[in-house]
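These are the residues of each chain, in order.
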Amino acid sequence: MVDKIPRLISNVDVRTFKLDPTDGFVIARIDGRLGLKALALETGLPEFSVERSLDKLEQLGLIERVDPTASVAPPPATSVAPPPATSVAPPPATEPEYDPIELEEVCDLPLEQKRRILDLYYRLDDLDHYMLLGVSADADKKSIKRAYFELAALTHPDRYFKKNLGSFQPKMTALFARITEAHDMLVDRDKRAEYDTYLREVAATRGMEATIARAQTVSVSSPPPDEIRARKEALARRLLGGQTRSSSSSSLAAVRPSSPEVPKFASSADAVDALKRRYEERAESAMLAQARKYTQSAEESLAKGDLVAAASAFGIATKFAPNDSALAARFQETRTQASVILIESYIKQAEYEERNQHWAEAARTWQKVVKIQANHVRANAGAARALFQADDGDLHQAAEHAKKAIASDPSIVASHVILAEIYLKAGLVASARRAAEAGLNVDSANAMLQGIVARAAKTAKATGG
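Calculation rules
Residues numbered from 1 in each chain as written. Predicted model: local features only at pLDDT ≥ 70, side-chain atom pairs only at ≥ 80, totals over all residues. Heavy atoms only, no water. Helix = DSSP H or I, 4+ residues; strand = E, 2+ residues; numbered from the N terminus. Contact = heavy atoms within 4.5 Å. Areas by Shrake-Rupley, 256 points an atom, 1.4 Å probe, with all protein chains shown as cover. Expected span 1.5 Å × (residues − 1). Buried < 20%, exposed > 50% of the residue type's maximum accessible area, 1.4 Å probe, protein only. Arc of directions from axis to C-beta. Axes fitted to C-alpha atoms, helices over the stretch in contact; angles between N-to-C directions. Parallel < 35°, antiparallel > 145°, perpendicular 65-115°, else oblique. Left-handed = near helix turned anticlockwise from the far one by under 90°. Lys, Arg positive; Asp, Glu negative; His and termini not counted. Salt bridge = Lys/Arg side-chain N within 4 Å of Asp/Glu carboxyl O. Polar contact = N/O pair within 3.5 Å; in protein donor to acceptor, adjacent residues only side chain to side chain. Core = buried A, V, L, I, M, F, W, Y, C linked by side-chain atoms within 4.5 Å. Nonpolar A, V, L, I, M, F, W, Y, C, P; charged D, E, K, R; others polar.

(A) Spatial organisation of the overall build of the chain. Across its full length, the chain carries 18 helices and two strands. The contacts in the chain between residues at least 6 apart in sequence include a share of 64% that link residues at least 24 apart. Just so you have it, the chain exposes about 26,000 Å², and 53% of that area is on carbon and sulfur atoms.

Here's what the structure looks like:
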């Protein structure tokens with residue numbers, strides 16, 4: 001059977017559809033040349049997951065699948081080309097991510113400019129530097145600068161000196177800061193290379209996350225009661241030779257089957273028992289067939305070195321064969337190995353985010369590590385530090401992460417320091433002093449901890465505490 005090639009349908013804006021992470025990850029790699037197997041290799045997803053996404057995308061009218069051997073003209077390059085380098089940002093989705101009432105605020109900005117500012121501002125967390133500037137990943141320095149100046153003219157508050165910007169002023173300030181960061185990063189060759197490596201790590205982990213999420217949604221459940229009843233009735237008719245049992249009949253002995261292949265039963269109880277056994281055998285056979293299918297997919301992923309896809313497929317297989325201890329052991333072993341890979345990728349991302357002082361993003365990434373390995377010392381300490389540094393970081397969460405880091409390894413002084421700093425920032429002076437003193441038990445000469453004890457004592461004295 002020919003592997004049909006998925007192609008994007010022209011004049012359809014993918015961004016107006018709400019796709020789950022897997023579907024979005026797959027469609028981003030459809031170029032009109034790769035088939036199912038090639039897409040599986042490209043995305044790192046198992047073939048069954050890619051196939052499911054392609055089915056959904058085809059139903060939504062986003063793609064079509066064509067026979068590569070047929071005499072069909074290739075799709076125009078514009079159907080899969082990146083946005084032009086001079087475009088600003090991707091157009092807003094059908095449903096804006098901001099409250100439309102914000103457009104009604106009275107200020108010295110035209111309506112269309114308000115709309116563009118709000119659309120960009122509320123999607124900042126979802127836009128990388130290329131998307132924010134509206135340029136392709138291979139854009140040259142000239143294109144990046146042109147896009148930057150176009151957006152700077154839209155968002156620079158100084159252009160509206162003495163004008164009433166209302167609540168749009170802080171939004172424009174935040175946008176201009178991000179746009180400037182994007183420009184400075186992408187016009188510097190070394191910084192851009194480092195950023196591109198970071199984006200590849202993000203894309204890889206999103207693919208892994210999508211694979212894991214898709215596996216978790218697979219459920220093994222019994223068919224609806226109506227379907228079970230219909231199946232039993234159909235099987236009963238076969239066992240009774242295509243006839244229905246009369247209500248006055250108490251025995252099936254007089255009923256002659258229409259085919260010699262259909263057995264006779266001495267009583268209705270025997271027929272019911274046989275029906276039950278056959279139904280259970282068929283259900284078990286179907287479950288085992290599914291387990292074999294996903295186990296084979298897992299083995300293929302292992303052969304490719306894709307431990308995350310293998311672990312997800314093994315996990316699905318165990319749902320269909322819950323009593324298979326050997327399969328469960330393979331799943332646990334592969335999941336542990338996959339977790340190591342995922343954690344390593346998250347750590348690289350978090351380190352990059354910290355270097356660039358993106359504290360909120362770093363906190364979220366460190367917390368992803370903690371979700372996989374609750375007592376990970378470095379991740380808990382990192383999450384505590386990032387939440388402490390973030391403008392709106394949750395100090396309670398920060399303290400909990402710091403305490404977990406200390407509980408896992410009390411010898412690391414930096415964890416004691418960050419916990420004491422968190423308490424001091426939260427105004428919990430006594431707790432800050434106790435945390436610092438606990439750290440001094442590990443390193444009595446630590447200047448940072450000594451400074452925190454002194455500050456805590458001074459604050460307590462000033463407040464009478």
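(B) Molecular detail of helix H6 (residues 141-155). The terminal C-alpha atoms of H6, which comprises 15 residues, lie 21 Å apart, in line with the 21 Å expected from a rise of 1.5 Å per residue. Of the residues making up H6, those classed as buried are Ser 143, Ile 144, Ala 147, Tyr 148, Leu 151, Ala 152, Leu 154 and Thr 155. The buried side chains of H6 occupy one side of the element, clustering within an arc of 165 degrees when seen end-on. Opposite the buried face of H6, at more than 90 degrees from it, the exposed residues are Lys 142 and Phe 149.

(C) Molecular detail of the packing of helix H17 (residues 429-440) against helix H18 (residues 447-463). Running from N to C, H17 and H18 point in directions that differ by 155 degrees, and their axes come no closer than 9 Å. Taken as axis vectors, H17 and H18 run roughly antiparallel relative to one another. Judged by the sense of rotation from one axis to the other, the crossing of H17 with H18 is left-handed. On the side of H17, the interface is formed by Val 429, Ala 432, Arg 433, Ala 436, Glu 437, Gly 439 and Leu 440, while H18 contributes Leu 449, Gln 450, Ile 452, Val 453, Ala 456, Ala 457, Thr 459 and Ala 460.

(D) Region of the structure containing the environment of Ala 350. The residue Ala 350 is located in helix H12 (residues 325-355) in this model. Taking relative accessible area as the criterion, Ala 350 reaches 0% and is therefore assigned buried. C-alpha of Ala 350 to C-alpha of Ala 363: the two residues are 13 residues apart in sequence and 7.7 Å apart in space. In this structure, Ala 350 is in contact with Ala 362, Thr 365 and Trp 366, ignoring residues within four places of it in sequence.

(E) Representation of the side chain of Glu 353 within the structure. With respect to the helices, strands and loops of the structure, Glu 353 is situated in helix H12. Although Glu 353 lies buried, it forms no salt bridge, and the closest oppositely charged side chain, Arg 364, sits 7.2 Å away as judged by the N-O distance. A polar contact of 3.4 Å, which involves the side chain of Glu 353, links it to the backbone nitrogen of Ala 362. Those residues in contact with Glu 353, other than ones at most four positions away along the chain, are Tyr 198, His 358, Glu 361, Ala 362 and Thr 365.

(F) Local environment of the environment of Phe 168. Within the fold, Phe 168 resides in helix H7 (residues 168-186). A relative accessible area of 0% places Phe 168 in the buried class. Taking the C-alpha atoms as reference points, Phe 168 and Thr 155, 13 residues apart in sequence, are found 9.5 Å from one another. In this structure, Phe 168 is in contact with Glu 102, Glu 105, Cys 107, Leu 109, Lys 114, Ile 117 and Leu 118, ignoring residues within four places of it in sequence.

(G) Expanded view of the nonpolar core. Counting residues in hydrophobic clusters, the biggest one holds 45 residues, and the most contacted among them are Trp 366, Leu 419 and Ile 422. Those elements that place two or more of their residues in this core are helix H11 (307-320), H12, helix H13 (359-372), helix H14 (377-389), helix H15 (395-408), helix H16 (413-425), H17 and H18. Element by element, the count of residues in this core is highest for H16, at eight residues. Not counting residues up to four positions away in its chain, the partners in contact with Ile 422 are Ala 384, Phe 388, Leu 395, Ala 398, Ala 399 and Ala 402. One finds Tyr 130, Leu 132, Tyr 160 and Val 202 within the second-largest nonpolar core, a separate group that totals 35 residues.

(H) Representation of helix H4 (residues 111-121) within the structure. Taken residue by residue, H4 has Gln 113, Lys 114, Ile 117, Leu 118, Asp 119 and Leu 120 as its buried positions. In this structure, the buried side of H4 is in contact with helix H5 (129-133), H6 and H7.

(I) Up close: the packing of H14 against H16. Relative to each other, H14 and H16 sit at 30 degrees, their axes nearing to 10 Å. In terms of orientation, H14 and H16 fall into the roughly parallel class. Considering only the axes of H14 and H16, their crossing is left-handed. Residue-level inspection shows Ala 381, Ala 384, Arg 385 and Phe 388 of H14 in contact with H16, the latter providing Ser 415, Ile 418, Glu 421, Ile 422 and Lys 425. The class makeup of the residues in the contact of H14 with H16 is five nonpolar, one polar and three charged.

Honestly, that's just the spatial picture; any functional story needs more than this.
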